Amino acid sequence: MSEFVVAGIQLGKLLLADGAWGTNLMSAGLDVSTDCAEHWNLTRPEQVRQLAAAFHIAGAQVSTTNTFGANRIRLARFGLEKQLVEINATGLRLTRDATHHQTLIAASMGPTGLKDILSRRVEIFQAFAEHAQVLVDNGADVLLLETMTSPEEAEIALEALHTTVSTPVVCSYAFTRGSSGDFTTWSGATVESALLTAQEGGAFMVGANCLPADDALDTLLTRIHATTPTLPIWLKPNAGSPIPRDGEVAYARPVHLLPLSSDRLTALNVAVLGGCCGTTPAHIGHLRERRAAW
């Protein structure tokens, strides 16, 4: 794994990231059909702070923020666009305070959810630029474009971010595996086109999130590394489908059961490893224990 510096921190070995925001807040009572997860930064701040703290205590060295959908376009669906600054500023503060300034803070930025991307390019550009500026103004060490579904929107987002701020950017895509066994982004783009768009757009790290932690990951990571061999990889797979068990919810494939050795992860240039949907602080704790044995 190549060594590199981000936000003044020397990185040269596998770092642990945190887990999921959405599914954990849902377990705490969030109803995504009627409420905005990011609004909890204002209405349920203690729940948000406690989750960030739990991931930190479990061993996360890289902390994300409850700001994934806090851009103007997505907030407008809940009539919250006028609270954009407050929601994002509070989200950064809650994570920073909960982790006692001891972790690298990667401020989460998700896609807008718009389908007509090219015809609304200016609007999308402005939304990402505004979102990035607020996050950086409030202490983000890294900007994390995660669960990106199309290279077209990623290209706009990267241009907006690099035009607006100088903060390092991670670009992580949501990939899916088709019946043929091939991987594409959720919009149908190839792995190669997605990753090259991220590299050409100036991302210092590329990656994948929101996909199963199964045997197919080796194939996908091999393609990512072959496409962008000089870039470190960000990896946060899902914990799999929830399974009711003894009155609780268990997950079939949490990240600590990842079927890849530390040597293999290192060979593929994976630099940051955490979990996406379904990943709890307990899962991150188990991952920390597994890493200690590597």
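Cut-offs used in this document
Residues numbered from 1 in each chain as written. Predicted model: local features only at pLDDT ≥ 70, side-chain atom pairs only at ≥ 80, totals over all residues. Heavy atoms only, no water. Buried < 20%, exposed > 50% of the residue type's maximum accessible area, 1.4 Å probe, protein only. Helix = DSSP H or I, 4+ residues; strand = E, 2+ residues; numbered from the N terminus. Pairing = 2+ DSSP bridges. Right-handed = clockwise from strand over helix to strand, strands pointing away. Phe/Tyr/Trp six-rings, centres within 6.5 Å; stacked < 30°, edge-to-face > 60°. Lys NZ or Arg CZ within 6 Å of the ring centre and 35° of its normal. Core = buried A, V, L, I, M, F, W, Y, C linked by side-chain atoms within 4.5 Å. Contact = heavy atoms within 4.5 Å. Axes fitted to C-alpha atoms, helices over the stretch in contact; angles between N-to-C directions. Salt bridge = Lys/Arg side-chain N within 4 Å of Asp/Glu carboxyl O.

## Some points on the pairing of strand 10 (residues 205-212)
Stage number 1. In terms of burial, strand 10 is a largely internal element, seven of the eight residues being buried.
Stage number 2. Here strand 10 runs beside strand 11 (residues 233-238); their pairing, made up of five bridges, is parallel. Counted as the bridge partner of Asn209 is Lys236 from strand 11.
Stage number 3. For the crossover from strand 10 across helix 9 (residues 217-227) to strand 11, the handedness is right-handed.

## Remarks on the packing of aromatic side chains
Stage number 1. On inspection of all chains with the given rule, the structure shows one aromatic pair.
Stage number 2. For the pair Tyr173 and Phe175, a centre-to-centre distance of 5.8 Å together with 45° between the ring planes defines the contact as tilted. You'll find Tyr173 and Phe175 in the same group, each marked buried.
Stage number 3. The ring of Trp40 carries Arg44 above its face, with NZ or CZ at 4.2 Å from the centroid.

## Brief notes about the nonpolar core
Stage number 1. Of all hydrophobic cores here, the largest spans 56 residues; its most connected members are Leu143, Phe175 and Ile224.
Stage number 2. Once you skip the residues sitting within four places of it in the chain, Ile224 turns out to touch Phe175, Val191, Leu195, Val206, Ala208 and Ile233.

## Focus on the sheet that holds strand 5 (residues 104-109)
Stage number 1. A sheet is described by the order of its strands in space; here eight strands give the open sequence 3-14-11-10-7-6-5-4, paired in parallel fashion. If you trace the sheet from one side to the other, it starts and ends with strand 3 (15-16) and strand 4 (62-64), each paired once.
Stage number 2. Examined bridge by bridge, strand 3 and strand 14 (residues 270-273) share two bridges and lie parallel to one another. Along strand 14, the bridge assignment pairs Leu15 with Val272.
Stage number 3. Along the sheet, helix 5 (residues 84-98) makes contact with strand 4 and strand 5, crossing strand 5 at roughly 150°.

## With respect to the pattern of salt bridges
Stage number 1. Evaluation of the coordinates by the stated rule reveals 10 salt bridges.
Stage number 2. Notably, a salt bridge pairs Arg49 with Glu46, separated by 2.8 Å at the nearest N-O pair. Placement of the pair is Arg49 and Glu46 together in helix 3 (residues 45-58), with a separation of three residues, close to one helical turn.
Stage number 3. Residue Arg49 is classed as partly exposed on the basis of its relative accessible area, which comes to 30%.
Stage number 4. When the shortest N-O distance is used, the salt bridge between Arg72 and Glu130 registers 2.7 Å. Within this pair, whereas Arg72 is found in helix 4 (residues 72-76), its partner Glu130 is found in helix 6 (residues 121-137), the two being separated by 58 residues in sequence.
Stage number 5. A single network of salt bridges, built from pairs that share partners, joins Asp116, Arg120 and Glu123.

Structural measurements only, silent on function.
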